Amino acid sequence: MTEHSIPDEGRQPRAARPAAPADPRGAQARAPKARDTPGATALPAQAQARTGDATASPSDEHSQSHGPSGQQPDPHRPRPAGQDSPDGALEGAPGGEERRTGQPRPPGSGPAAMRRDGDRLRFVGAATRRIARGIDLDEIVMGLCRATVPTFSDAILVYLRDPLPVGEERPSGALVLRLRRTDRLRSIEEGAEEPDTEGGTLPALQVQADLVTTAELCEVRPGGALAEVLRGVRPVFADTPAARAALPELLGEGRTVPGGQRTILAPLRGRRRVIGAAVFLRRPDRHPFEADDLLVAAQLATHSALGIDKAVLYGREAYIADELQRTMLPETLPRPTGVRLASRYLPAAETARVGGDWYDAIPLPGSRVALVVGDVMGHSMTSAAIMGQLRTTAQTLAGLDLPPQEVLHHLDEQAQRLGSDRMATCLYAVYDPVAHRITIANAGHPPPVLLHLGGRAEVLRVPPGAPIGVGGVDFEAVELDAPAGATLLLYTDGLVESRLRDVWTGIEQLRERLAATAQLTGPDHPPPLEALCDDVLDMLGPGDRDDDIALLAARFDGIAPSDVAYWYLEPEDATPARARRLARSALERWGLQELTDSLELLVSEVVTNAVRYASRPVTLRLLRTDVLRCEVGDDVPQLPRLRQARATDEGGRGLYLVNKLARRWGATRLSTGKVVWFELNHS
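These remarks concern the structure in this document.

Each value, and the rule that gives it
Residues numbered from 1 in each chain as written. Predicted model: local features only at pLDDT ≥ 70, side-chain atom pairs only at ≥ 80, totals over all residues. Heavy atoms only, no water. Helix = DSSP H or I, 4+ residues; strand = E, 2+ residues; numbered from the N terminus. Buried < 20%, exposed > 50% of the residue type's maximum accessible area, 1.4 Å probe, protein only. Contact = heavy atoms within 4.5 Å. Areas by Shrake-Rupley, 256 points an atom, 1.4 Å probe, with all protein chains shown as cover. Pairing = 2+ DSSP bridges. Axes fitted to C-alpha atoms, helices over the stretch in contact; angles between N-to-C directions. Parallel < 35°, antiparallel > 145°, perpendicular 65-115°, else oblique. Left-handed = near helix turned anticlockwise from the far one by under 90°. Nonpolar A, V, L, I, M, F, W, Y, C, P; charged D, E, K, R; others polar. Phe/Tyr/Trp six-rings, centres within 6.5 Å; stacked < 30°, edge-to-face > 60°. Lys NZ or Arg CZ within 6 Å of the ring centre and 35° of its normal. Core = buried A, V, L, I, M, F, W, Y, C linked by side-chain atoms within 4.5 Å. Arc of directions from axis to C-beta. Salt bridge = Lys/Arg side-chain N within 4 Å of Asp/Glu carboxyl O. Polar contact = N/O pair within 3.5 Å; in protein donor to acceptor, adjacent residues only side chain to side chain.

Digging into the overall build of the protein
Argument step 1. A count of helices and strands for the protein gives 15 helices and 23 strands.
Argument step 2. For the protein, the proportion of its 683 residues judged to be buried stands at 46%.
Argument step 3. Put simply, 67% of the contacts in the protein that link residues at least 6 apart link residues at least 24 apart.
Argument step 4. Of the roughly 34600 Å² that the protein leaves accessible, carbon and sulfur atoms contribute 51%.

Next comes the structure, spelled out in structure tokens:
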């Protein structure tokens, strides 16, 4: 496009002209190039940008608008190397002379300085974004090192407090700094390339070995030079008096770093206190740091320290939540008569963190066992805490020997007392090994799967029910057969539901997996319980770990009718003697005569105590499994208490004998009374 000159009389007054752009780069791009012609006067581009005034005369403007060919030079066309820049300095030169005065230009001014400032801003932006991408402590420290080397420095040392304070903690004892990470350019001999902050590669450069040689541990002396630098917060060069004394204390005696302005010591300060220090190093053959680089180091240190503070808090919260949940789960499963148990728990993926899944197995009177699995909605410490309260409530209710539907009803009331939004699903089942039956009540939980001995896997039809915490709903229980050799699998929805599949698709896949596993052991032998749990978890694929998983497997062995002896005894004075005779006859039938004396003595003591206070018939039951178990029930709710009888007391020694002779013993309160039981070992 050709630009024609404008006559003087048609030209706007100088005051009415629009001001030149305030951006120095825009001023440089639009300022006409000064020509070495007599009478031509040029001002630096910075002055034009400040004043917004055109300084060339009309004739000069005309002569600048039309070159020899009558075309205006393109201000955006790149100039050849070494051509004068608009302000009279060579492109890229650190300094220069003022065209008008001939005086040296102050260092740091001109386009080269402005380009360096722009590079610093872009570097700080890219580096802070990289640091902010880190979630845990190691990722943040690595982000600082990778963003710094080699763009800003040739090597970096990152020291952090040991241990790192968390939140409002006030550390006690001496301030100790531990070298957390070092990073440097690898040497040419190593034949490597280092990535820069934008993901590209830069050629590897030779780095002196002593550039990163340092002690791993440093104890900051109170009132020392290092403590003063850390307290000052601002980064300092190595040639400052404070740094000259602080660096040997930090790095260790006898270790040196590049002097002058080739080393920056930057404290890392979090929201409450100094949490470490970073040392930025440049090789002697590289341009030293400048004063503005202290601001860059301060920005990097501030963003890193705040990120480390958050990472420590996040890590502590996640650890507490995970430990809270794990400690609320049973450490070991009981070994009730007639059933074998196995369990698994897998925490949620890192994106979901801790949840509220739990499982439990609670021995009940009459050799029964309650099997419980539940899932509190949500993923947080609150979910884990609610889970612990519901599990404790379920254990208390199970101790009262309430029916499964009543247990869920009371859990629902407890969840409503905890809060209006406390929701959970739960499945509660009671297995009776003598009757070979199982009673199940469900509160919005996925249905259990029963693996039969022949290899057939069946999804049990149980009423779904509403989740716990809804309120105002009834729960229904169903009683089903539990044949010997079958395996019941209780689980939470994390096993069968994910972003890649819905819950019913996952349940069908679980059923097919159980059936396929059972085929491997044949129709007459159920698969090993522990191996079965591991095989079930192996069905989880990539992307299937959105939630934590609780798994409880129960193998029903049952108790054969021939191994059970049961009697009703009237509460009479002759009842203890009759109980001894019945127990003796049962031992003879089972071939356990060696236990006759111990069993008669203990049965006599327990039955005598029951008959003394009972108003209804007393029950006596003997069970032969791997141990001999005796259970005596009555209608008195008060539990017996073991105490040391005095020499003048006529009674009070019955439980003392039971405690001495029995393998184990206990007492359980029922809704209709209590049961006192004990076990004896037999060969």
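Focus: the pairing of strand β20 (residues 618-624)
Argument step 1. By the criterion of burial, β20 is predominantly enclosed, with 6 of the 7 residues buried.
Argument step 2. Relative to β20, strand β19 (residues 564-569) runs antiparallel, the two sharing 6 bridges. Of the residues in β20, the one forming a bridge with L569 is V618.
Argument step 3. Alignment of β20 against strand β21 (residues 627-634), held across 6 bridges, turns out to be antiparallel. Of the residues in β21, the one forming a bridge with L622 is C630.
Argument step 4. The antiparallel pairing of β20 with β21 creates a hairpin that spans 2 residues between the two strands.

Quick notes on the packing of helix α11 (residues 503-521) against helix α12 (residues 529-537)
Argument step 1. One way to put it is that α11 packs onto α12 with a least axis distance of 10 Å and a crossing angle of 140 degrees. When the axis of α11 is compared with that of α12, the two are oblique. The interaxial crossing formed by α11 with α12 has right-handed handedness. Seen from α11, the contacting residues are L510, R513, L514 and T517; seen from α12, they are L532, D535 and V536.
Argument step 2. Among the residues making up the contact of α11 with α12, the classes are represented as 4 nonpolar, 1 polar and 2 charged.

Quick word on the environment of P561
Argument step 1. Structurally, P561 is set in the loop between β18 (549-556) and β19.
Argument step 2. As for P561 and R624, which are separated by 63 residues in sequence, their C-alpha atoms are 10.0 Å apart.

Concerning the sheet that holds strand β9 (residues 339-346)
Argument step 1. Across the sheet, 5 strands lie side by side as β9-β18-β17-β14-β15; this open sheet has antiparallel pairing. Of all the strands in the sheet, the pair left with one neighbour each is β9 and β15 (457-459). Geometrically, the sheet is characterised by an average inter-axis angle of 20 degrees between neighbouring strands, direction not taken into account.
Argument step 2. Sheet analysis places strand β17 (residues 487-491) next to β18, joined by 5 bridges and oriented antiparallel. In the sheet register, L488 faces β18, and the bridge partner there is A554.

Description of the sheet that holds strand β6 (residues 236-237)
Argument step 1. A sheet is described by the order of its strands in space; here 6 strands give the open sequence β5-β2-β1-β8-β7-β6, paired in antiparallel fashion. The sheet is open, and its two borders are formed by β5 (217-220) and β6, each paired with just one other strand.
Argument step 2. When β6 meets strand β7 (residues 263-269), the two strands line up antiparallel, connected through 2 bridges. Bridge assignment links V236 to a residue of β7, and that residue is L265.

A few points about the pairing of β18
Argument step 1. In terms of burial, β18 is largely enclosed, as 8 of its 8 residues are buried.
Argument step 2. Relative to β18, β9 runs antiparallel, the two being bridged by 8 bridges. The residue bridging L341 from the neighbouring strand is A554, located in β18.

Quick word on the packing of aromatic side chains
Argument step 1. The final tally for this structure, using the stated rule, is 5 aromatic pairs.
Argument step 2. With centroids separated by 5.5 Å and ring planes inclined at 85 degrees, the aromatic side chains of F152 and F280 adopt a geometry described as edge-to-face. Of this pair, F152 sits in the loop between α5 (137-148) and β1 (155-161) while F280 sits in strand β8 (residues 274-281), placing them 128 residues apart in sequence.
Argument step 3. On the basis of an interplanar angle of 80 degrees and a centroid distance of 5.4 Å, the ring pair of Y566 and Y568 is categorised as edge-to-face.
Argument step 4. By relative accessible area, Y568 is classed as exposed at 54%.
Argument step 5. Three or more aromatic residues joined by ring pairs form one cluster here, namely F123, F152, F280 and F289.
Argument step 6. Of note, R282 hangs over the ring of F152, and the distance from its end group to the ring centre comes to 5.7 Å.
Argument step 7. R629 extends its terminal NZ or CZ atom over the ring of W677, reaching a point 4.3 Å from the ring centre.

Side note on the nonpolar core
Argument step 1. The biggest cluster of nonpolar side chains holds 49 residues, and the ones touching the most others in it are L371, L408, L411 and F556.
Argument step 2. Examining the composition of this core, we find that 7 residues originate from one element, strand β12 (residues 424-432), more than from any other.
Argument step 3. Setting aside residues up to four positions removed in sequence, F556 forms contacts with G338, V339, Y431, I438, L450, A482, P483, A484, G485, A486 and L488.
Argument step 4. In this structure, F123, A127, F237 and I275 belong to the second largest nonpolar core, which totals 33 residues.

Considering helix α6 (residues 225-232)
Along an α-helix, residues three or four apart share an orientation, since each turn contains 3.6 residues.
Argument step 1. Within α6, the full set of buried residues consists of L226, A227, V229 and L230. Take α6 and look down its axis: the buried residues cluster within an arc of 160 degrees, on one side only.
Argument step 2. The secondary structure elements touched by the buried residues of α6 are β2 (175-184), β5, β6, α7 (241-251), β7 and β8.
Argument step 3. Looking one or two places after α6, you find V233, whose phi comes out positive at around 70 degrees.

Focus: the pattern of salt bridges
Side chains that differ in charge, positive against negative, can pair when their charged atoms come close.
Argument step 1. Inspection of the entire model under this criterion finds 30 salt bridges.
Argument step 2. With a closest N to O distance of 3.5 Å, D183 and R146 form a salt bridge. Taken together, the residues span a long stretch of sequence, with D183 in strand β2 and R146 in helix α5 at a distance of 37 residues.
Argument step 3. For R146, a relative accessible area of 28% translates into the label partly exposed.
Argument step 4. In the salt-bridge network here, residues are joined through shared partners; they are R621, R629, E631, R663, R664 and E679.

Thoughts on the side chain of R344
Argument step 1. In this structure, R344 sits in strand β9.
Argument step 2. In this structure the side chain of R344 is engaged in a polar contact, spanning 2.8 Å, whose partner is the side chain of E530.
Argument step 3. When sequence neighbours within four positions are dropped, the list of residues in contact with R344 reads Y359, E530, C533, D534, L537, I549, A550 and L551.

Structural notes on the side chain of T487
Argument step 1. Note that T487 resides in strand β17.
Argument step 2. Since its relative accessible area comes to 3%, T487 is described here as buried.
Argument step 3. Here the side chain of T487 touches R555 through a polar contact of 2.5 Å, side chain to side chain.
Argument step 4. Setting aside chain neighbours within four positions, we find T487 in contact with V449, L450, L451, L529, L532, A554 and R555.

A word on the packing of helix α8 (residues 291-328) against helix α9 (residues 381-399)
Argument step 1. As a packed pair, α8 and α9 sit with axes 9 Å apart at the nearest point and diverge in direction by 15 degrees. Relative to α9, the element α8 lies roughly parallel. α8 and α9 meet at a crossing whose hand is left-handed. Taking contact as the criterion, the partners of E317, I320, A321, L324, Q325 and M328 in α8 are, on α9, M381, A384, A385, M387, G388 and R391.
Argument step 2. Of the residues that constitute the contact of α8 with α9, the class distribution is 8 nonpolar, 2 polar and 2 charged.

Shape is all these values report; function is a separate question.
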